[in-house]
Every structure is written in structure tokens, then in C-alpha cells.
2 protein chains.
Amino acid sequence: MSKLVKNLKEAITLCGLKDGMTISFHHHLRNGDYVLNAVVDEIAAMGIKDINLHASSLFDIHLPVIEHIKNGVITGIETDYISTGVGKQLSQGILKNPIIFRTHGGRPADIISGRSHIDVAFVAAPSSDKMGNITGKNGKSACGSLGYAFADAMCADKVVVVTDNIVDYPMYDYSIPETNIDYVVNVDKIGNPSGIVSGTTKITRDPVGLVMADYAAKVIKASSLLKDGFSFQTGAGGASLAAAKYLKDIMLAEKITGSYCMGGITGYMVDMLNCGCFESLMDVQCFDLDAVNSLRTNPKHKEVSAEHYASPDVKSNLVNSLDVVILGATEIDTDFNVNVHTDSSGCIMGGSGGHSDAAAGAKLTMIIAPLVRARVSVITDRVTCISTPGNTVDVLVTQRGIAINPLRTELRDRLKDAGLPVVDIFDLKKKADSICGEAKIERAKGKVIANVLYRDASLIDTIRMI
Amino acid sequence: MSKLVKNLKEAITLCGLKDGMTISFHHHLRNGDYVLNAVVDEIAAMGIKDINLHASSLFDIHLPVIEHIKNGVITGIETDYISTGVGKQLSQGILKNPIIFRTHGGRPADIISGRSHIDVAFVAAPSSDKMGNITGKNGKSACGSLGYAFADAMCADKVVVVTDNIVDYPMYDYSIPETNIDYVVNVDKIGNPSGIVSGTTKITRDPVGLVMADYAAKVIKASSLLKDGFSFQTGAGGASLAAAKYLKDIMLAEKITGSYCMGGITGYMVDMLNCGCFESLMDVQCFDLDAVNSLRTNPKHKEVSAEHYASPDVKSNLVNSLDVVILGATEIDTDFNVNVHTDSSGCIMGGSGGHSDAAAGAKLTMIIAPLVRARVSVITDRVTCISTPGNTVDVLVTQRGIAINPLRTELRDRLKDAGLPVVDIFDLKKKADSICGEAKIERAKGKVIANVLYRDASLIDTIRMI
């Protein structure tokens, strides 16, 4: 008994993939992923058209998909994140149907509830046995957690594992069991290891970033949340990592032991775990090799599903117990709404990922961003796209001051008492405008090319063609 | 944020439990379980009636339920196994509705498919955090695997964790995540450790048992299945354990490394793992403390869900890849049908558990049983109750000879070539009858008190009132 089939073509045929169907992918191989392109190429070669591409994220390595969009092979995209290069193309309006943007928590909720149906899931797996017990922890293309693939594997009508490392049956340390898997395809390489681990996971050396990071750590210290049991999420941007570094110093000095740390996990979080700053890492996605190694070897470093991470449909999740999250922004407006989907011209260059999930869940949601980027203020009257609603954002940290959501008066008082440079967001905007000149925003007026769904599946904004 | 509630009564009230609803329990605390009785007592005290009791198994520690059956609190039972004392009572026909017997694989299949609906699952958990991340590996009432509880937790409308060991949030080595859990109740004790581990897990010293065990190991050796990658399931009966011991000696002598071992896991299986006889243990249920300790500490000892173990609804499961299973029987007939539900008088004293699942899946299904017990032949013209259909049974090993299912001519030839005492099952029956005198079976003629479902949910037999 074996689910191994000859190649992708045979798997696609056996799955009965037809025009108009939905195929899905996870993004744990990040910018090193070979699987999505290989599958879409094969589908195109087989003459199948009008496919809805349901991927937890799209990276620039997936640029070849653009040709398949132009050829009518791909006519729809549902995703949580689109990187700059692909986003620029899609902003030209080349896709037949509007993109559906979801959040990392909303996606599994929609899949598991049946609101979003997947016909065939293709699950890239760094290791698999012949029956489809899979893990991301081992193999030449190890990526660590497979957290975003759980819902796809559980719910898709057909599930194809694509691996470059077949191990003996049964793999005993699987993440996703054979119970979900229909076919296994063994290929030469599922990805490029140097692209699987992100290039962004370095602490910033930029003085502006370091000032923001210092403020961020001090805001957390002053917030009253930093005590034993503290839980924390941060991203892998340079300033966020620097903030984590400063936070670590405070936690060690004050002998504070936190409960758990989340986010795209990097070696910096692993270091905090190993130093005793946290009891555990809850890992829905690894960003670097240190994280992969730690997940493989340290039982305190636990792989979690996207639904456990952030689904609003489950009985509880990890973001809802979170104390503090540090997040980025391409824009933030004076109502504290945050845009991470587009640049200020409205061109797609990101997506919520877990941004709005963590913002909704955490007790303290902090945005850190430089006040001005390339002579454009980060603060606007109204963000080009609402990714995360302002009522879930508590504080904006810039190098020129810290603005508090007026809803959070207690936090404002605490930060003022701590001597932090608290400023009104309107004053901060004026400062930026005095540097850049007031921005003249030209709203894109073309057709709607993307519907942005909030984590509860409601429409929170739309994105238009450039 | 916490799901902790004051006591069982509050949890039951918050769940909205009403007359006529279905409540469920797992049986990992076995004959040491305090939770089922405590919940049913509380329900009775609250005046709720007409409850359907959906438990993966019932043990004699649950005898207090009999009073609640007589009082109309419990009017239905769905289960995979009922121990002798409870079975004797139920065979009197005291329950309002017929019992529904399932298999350990059929139960999760019926629950997950929605064919069997659970209103409120009560999940005994040796460790839980305040949000309901749970494990059976740690705590004073540690039971190891929680494999049979996964489907209940995933599918019940409401899920109540009952624990006697609250740990810090988030428990990082959970088996079942908080995503499924509504309420957590912290009680003094969920069970009696001496009853949680089975008293039956000792190798037999009985000469008859040792002869059967020796034959069993030799049958496996002669079967052509015993080679690298070999997979094996056995129960915890004394003769089965002795067979495993003899098998271990053969595997070590011949330097054979099997793939995985299953079954209620005991220290004997752990020993085989540690000696290198197998690469892994796939554990849906621990039978003793050595198994619990091994599951906690050895990554090669993996907790698996009942659906991964044996559900016929999933895309593949572990029993279907099994080479050899050794199983018991209270009766076997000349068509190789096996009864493990009743004694020969038709009195309930067991149930399929994983018997018919493993029999259906394994390449070689072996029944071992003494030819005669208490002057009753194990071989009958027709079993009192068909638990496992004869076409899934390959060989019967008794101390007086080995009978092969006539469908398995190749196996018969192999065993004969190996010099094993192969005999016709009718001749074996004659031998037994010559010892006992031919049995005069009185079929129970009372009302149907139990419907026995095969693993595919079809009705395979019924059991009548004594």
C-alpha cells in the first residue's frame, strides 16, 4: 500500500482537477517555494483553465504565475499576503476575478467552516512517508512549522503531498497525519533553502530603527503587562527584532519569565526561549534556520496550526491570550487604522497575514514605523486600504514620538508617567508633513481588483486597479 | 481570560445540558476513572433525565451508572466495550433503549461524519491549562495517550475538560488544543492511578498460554511477513504478551527491525522499541506506567488519534498498513467469526474495541485462545454474537493445534512447511467437544438489548436480553 504516484501530472489527473476548480498552497517555503509554480505549470500544460489559486501567501518567486494569469489558467486568487513584485503586476488589473484577501486567522476559519471550499490542496512537505504522514522539521528543504497547511489538509476534497524526502513508514513525528492525504509525489526539489529562510531576519543597525525599538521596549515596560506570564508576538522586521532584543535585556535584568512568544519565529525568539525569557514558543511559521532547528529539537518550541494561532471561529486561540504584539505599517491614519496591503499609491505590496488577528487579540497592539519613508509620511488622514481597524490598535511608535489611541487613556497616562515622549497623532502628522510637505493622495479609481476580508469574513475594504 | 468554572454543576449548566441529550467520555483512565461517575451523579442531582451515554468504553468502576439507568437518568448507551460487571447488569435488559456497540475505528468515523452527534463531551485530562490545552502525559493521574478523545473534542457541541492538574498557560506539549474546549473544571482527583493502569499486563505463566504464545510467534515467523519493516499489534492479555516476548527473541536473533507496533501499549512493547525491534510505537492507548513514561519521554513513541489508528472513513489509517495482529476471542465458529462481546450464554462481557478494525486491516489476523475454558469449547458452530466477521480472520492458534481459514491456502501451506501443527477447524472443534461434551447452546430469546455495529456502521449482529 502506497499513495506514491509517478509525478504531478498523475496526481492532478487522479484528483480529477477540472476547469473552474480551486487549488490551494501553504507558504512555509516562502520565497524558496518551487511547488506552486510546478503545479500551476503542469495544470497549464494539461490544458486546464479558470483555476482559483488559494494560497496562504504569494512571494516574488511565484512571479511565473503572472503568465498563467494572462493566459487564463489562473482567474482567481485568494490569499493573505502578496509580495511587492507580484502585487505590482496584479495591481494592473490582469486577473479576471477580484482577489480575495484574508487574514491568517480568517483563512482557516473560512476553510474549516466551509465558507471557502478547496477542491485540491497541494501540500509541500519537507518530509513525507509513502502514506502522507508529513513534517516540515526534517529534510533538505526543512521549513519547520507547517501551521498554515493544517486546514487545507483537513478540509480539501483531495490532498496531494509534494515532497523531496521520502522516509520510512510510518513517520512517527508527523505534523499532519496520513488520514488527510490522497496522493504523494516525490520530486527532486520542493524549494531553495536559501529562499525558504527569510532574508529580513536581522536586527536593524539603522539609528532611526534603534530609537523606535528602544521606545517600543519602554512602552511595554511601562504598560503594566510586563510581568511573569507575559506573552509577546513580534514580526521579523529589523526594528521589531531590535525591540525584542531590548525587551530581552529588560526581562533578564528584572528576572521576568514570560509564558509564550509567537510570530514568524526567528533565532532571536529562540534565544529568548533558551535564556529563560519565555516558557515556550508557539510556532505557526519559522523564519530562519535557528527556528527550524529549535522546533525539531526543543519540546518547548511547539508547532501550532493557523486555527490555534488565530482563527476567530474556534473556542479560543493564542492571539486572544496575547499581551503585546508589535506590528508594522505602510500607512496609519489619524483614526489608527493601519494599511499593510498597499503602498500609498494603492499598489498591492503585502497583506494582513496575522496583522489584524494579533491586533484584535492582544491587550496592547503597538505599531512601529518610521515617521517618514522616502519623503512620504506614514501618517495619513485616511489609509489607502484598511487592513487593521483603528479600534484594535493602541499605540503608534515612531522615532519622533509615541501616539496613543485616544480610547486608551490609562495607557496614555502610564506612558506619560514613565517619561516617554507621548504626542498627539495629529501633531505627529504635522511633524511629518512639515518634513515631506502634505501628501497629495491620488486615490486609484480603476475597477475593484481585490476585496479585503477582515478576520470575521466581513468586507473591510477594497483595492482598485492602478 | 480563563475557561475555568467553579465545578461540574456550573459547567453542565453553562453547556445547556437538557433531557434527551448525548454526553460523551473517553476511557483512558480505564478502571480508575472517576470522571464519568461524577458527571452522571451531578446530572442526576440536577434532575436531568433521558441522557444518552456515549463512552468509548465502560469499566466496572462505572457500576454506579446502573442506579442511574434504573432511575431513568441514563436511557441509552453507545460504546465500544463494556466490562463484565456492567455487562451482566445490562444483559438483564434494564436500559430503556438498545445499546449501540461500535468499534474503536467506527466510533470516531461516526462522530466526525456527523452520523453520531455528541451534545456535551466531558474529557478527563491528567493535565490542562486554564484554556483547555490538555495532555494525558503528565500529572498525578497520567494515563498517556488521549487518542480516543480527539473526535469527541473536535466534534461535540460543547466540550468540558475535567482535570486534577492545572498547569500554566499555554501548555506547550498539549495533545488536544484549546481550540476545541469550552470549559475547564478543576477537581480533586480524576482517577485512581492503580486502576488507570491495567492489571492484566503480565506475561502468562500458564503452560497452555505459553504453548499458544510459542505457536503464535512461529506462525508469524513462517508467514513471510516477519522482515525489516514488519508492523505488529497485540493486546495486553497474558498469552499475547508472551507471544510478543517470543517474537522479540526471534527478531533480535534474526536482526529484524520492524516499523511500528500498536495496540494498547504496555512496557513489553516499550521494551521492544528500546531493543530496536521496532522504529516506533503508535499509541492510541497506554495500558501501564512504563508506556506512559515512554510516551512522555521518547519521541519515537507517538500518540495517535483513534481515527488515525483505525477509522474506516479516513484516507488511510494505521490498521490498514498492519502486517500482523494477535487478538483474543470468547468464541470463534467454524466460519472463523469471532465473538468478543458476550460469553457463550450471551451475557455482555466485552466489545470489539479495536478487534474488528485490526482484523480488517492486518495482512495476518491471528486469534489465540485456549481450546477449552471452564469446560466450554472456544469453537462453536456459530458464535453467539459476531463481533468480527470470519472473512477477516486468518488463523486460530490454540494449544491443541492451529486452524487456518480455508480462504488462506498459501498461509496454510507455509505453516505446514514450517512443521506447525495445522489442523482443520472442524477437527479442532471435535477435539474440544470430546473434552467438554458437545455444547448445548441456549440462545437468549429476550428483547434486543444491543445493536452491534461493524466499523462501517452497518449492523453486524444483535444481543438479546438474558
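Scoring rules and cut-offs
Residues numbered from 1 in each chain as written. Chains lettered and ligands numbered in written order. Predicted model: local features only at pLDDT ≥ 70, side-chain atom pairs only at ≥ 80, totals over all residues. Heavy atoms only, no water. Domains from an automatic or database assignment. Contact = heavy atoms within 4.5 Å. Salt bridge = Lys/Arg side-chain N within 4 Å of Asp/Glu carboxyl O. Polar contact = N/O pair within 3.5 Å; in protein donor to acceptor, adjacent residues only side chain to side chain. Helix = DSSP H or I, 4+ residues; strand = E, 2+ residues; numbered from the N terminus. Nonpolar A, V, L, I, M, F, W, Y, C, P; charged D, E, K, R; others polar. Pairing = 2+ DSSP bridges. Axes fitted to C-alpha atoms, helices over the stretch in contact; angles between N-to-C directions. Phe/Tyr/Trp six-rings, centres within 6.5 Å; stacked < 30°, edge-to-face > 60°. Buried < 20%, exposed > 50% of the residue type's maximum accessible area, 1.4 Å probe, protein only. Lys NZ or Arg CZ within 6 Å of the ring centre and 35° of its normal. Buried area = accessible area lost by both parts, 1.4 Å probe. Parallel < 35°, antiparallel > 145°, perpendicular 65-115°, else oblique. Arc of directions from axis to C-beta.

## A closer look at the domain arrangement of chain A
Interface extent is often summarised as the accessible area lost during association of the parts.
All names here are of chain A.
Reasoning step 1: When cut into domains, chain A gives domain 1 (4-193) and domain 2 (207-443).
Reasoning step 2: Inter-centroid distance (C-alpha atoms) of domain 1 to domain 2 is 29 Å.
Reasoning step 3: Contacts between the two partners involve 35 residues from domain 1, matched on the other side by 30 residues from domain 2.
Reasoning step 4: Taken together, the connections running from domain 1 to domain 2 amount to 1 salt bridge.
Reasoning step 5: Salt-bridge contacts for Arg115 lead to Asp313; the nearest nitrogen and oxygen are separated by 3.1 Å.
Reasoning step 6: If you look at where domain 1 meets domain 2, you find 16 residue pairs in polar contact (both at pLDDT 80 or more).
Reasoning step 7: When contributions to the side of domain 1 that touches domain 2 are tallied by element, the ones reaching two or more residues are α4 (84-90), β5 (99-101), α5 (106-113) and α6 (150-155).
Reasoning step 8: With 5 residues, the top contributor of residues to the side of domain 1 that touches domain 2 is α5.
Reasoning step 9: Looking at side-chain class alone, the side of domain 1 that touches domain 2 contains 14 nonpolar, 15 polar and 6 charged residues.

## Some thoughts on the sheet that holds strand β22 (residues 395-398) of chain A
All names here are of chain A.
Reasoning step 1: As summarised here, the arrangement of the 9 strands in space is β14-β13-β12-β11-β15-β18-β22-β23-β24, forming an open sheet in which the pairing is mixed. Edge positions in the open sheet fall to β14 (301-303) and β24 (422-423), since each of these has one partner strand only.
Reasoning step 2: Relative to strand β23 (residues 401-404), β22 runs antiparallel, the two sharing 4 bridges. Paired with Val397 across the bridge in β23 is Ile402.
Reasoning step 3: Relative to the sheet, helix α14 (residues 409-417) contacts β18 (364-368), β22, β23 and β24, its axis offset from that of β23 by approximately 155°.

## A few points about the packing of aromatic side chains
Geometrically, a pair of aromatic rings is defined through the distance of the ring centres and the angle of the planes.
Reasoning step 1: Applying the stated criterion across every chain, the model contains 12 aromatic pairs over all chains.
Reasoning step 2: Aromatic pair Phe59 of chain A and Tyr81 of chain A: ring centres 5.8 Å apart, planes at 40°, arrangement tilted. Residue Phe59 of chain A is located in the loop between β3 (51-55) and α3 (65-70), and its partner Tyr81 of chain A is located in the loop between β4 (74-79) and α4; the two are separated by 22 residues in the primary sequence.
Reasoning step 3: Given the relative accessible area of 10%, Phe59 of chain A is considered buried.
Reasoning step 4: Under the relative-accessibility criterion, Tyr81 of chain A is labelled partly exposed at 27%.
Reasoning step 5: Here the aromatic residues Phe230, Phe232 and Phe278 of chain A are joined through ring pairs into a cluster of three or more.
Reasoning step 6: Above the ring of Tyr174 of chain B, the side-chain terminus of Lys302 of chain A is found at 4.2 Å from the ring centroid.

## Digging into the interface of chain B and chain A
Reasoning step 1: With 39 residues of chain B at the contact, the number on the chain A side is 39 residues.
Reasoning step 2: Across the chain B/chain A interface, buried area totals approximately 2,800 Å², and carbon plus sulfur atoms make up 58% of it.
Reasoning step 3: Sorting the residues of chain B by area buried against chain A places Tyr172, Thr179 and Lys315 of chain B first, and these three jointly supply 27% of that buried surface.
Reasoning step 4: Counting every contact that joins chain B to chain A gives 2 salt bridges.
Reasoning step 5: At the junction of chain B with chain A, the criterion picks out 19 residue pairs in polar contact (both at pLDDT 80 or more).
Reasoning step 6: At the level of elements, β9 (158-163), β12 (258-262), β13 (278-283), β14 (301-303) and α12 (306-310) of chain B are the ones that each hand at least two residues to the side of chain B that touches chain A.
Reasoning step 7: Residue contributions to the side of chain B that touches chain A peak at 3 residues, all from β13 of chain B.
Reasoning step 8: In terms of residue class, the side of chain B that touches chain A is built from 17 nonpolar, 10 polar and 12 charged.

## Brief notes about the packing of helix α9 (residues 238-253) of chain B against helix α10 (residues 267-274) of chain B
Residue and element names in this part refer to chain B.
Reasoning step 1: The interhelical angle for the contact between α9 and α10, taken along N-to-C directions, is 10°, at an axis separation of 10 Å. Of the possible angle classes, the one that applies to α9 and α10 is roughly parallel. For the pair formed by α9 and α10, the contact residues are Leu241, Ala244, Leu247, Lys248 and Met251 on the first element and Tyr268, Met269, Asp271 and Met272 on the second.
Reasoning step 2: Residues belonging to the contact of α9 with α10 are distributed by class as follows: 7 nonpolar, no polar and 2 charged.

## Observations concerning helix α11 (residues 289-297) of chain B
Residue and element names in this part refer to chain B.
Reasoning step 1: Of all the positions in α11, only Ala291, Val292, Ser294 and Leu295 are classed as buried. Relative to the axis of α11, the buried residues are bounded by an arc of 165° and lie together on one face. In α11, the exposed positions angled more than 90 degrees off the buried face are occupied by Leu289 and Thr297.
Reasoning step 2: Those residues of α11 that are buried are in contact with α10, β13 and β14.
Reasoning step 3: The N-cap of α11, judged by a side-chain oxygen 3.4 Å from the amide nitrogen of Asp290 a few residues on, is Asp288.

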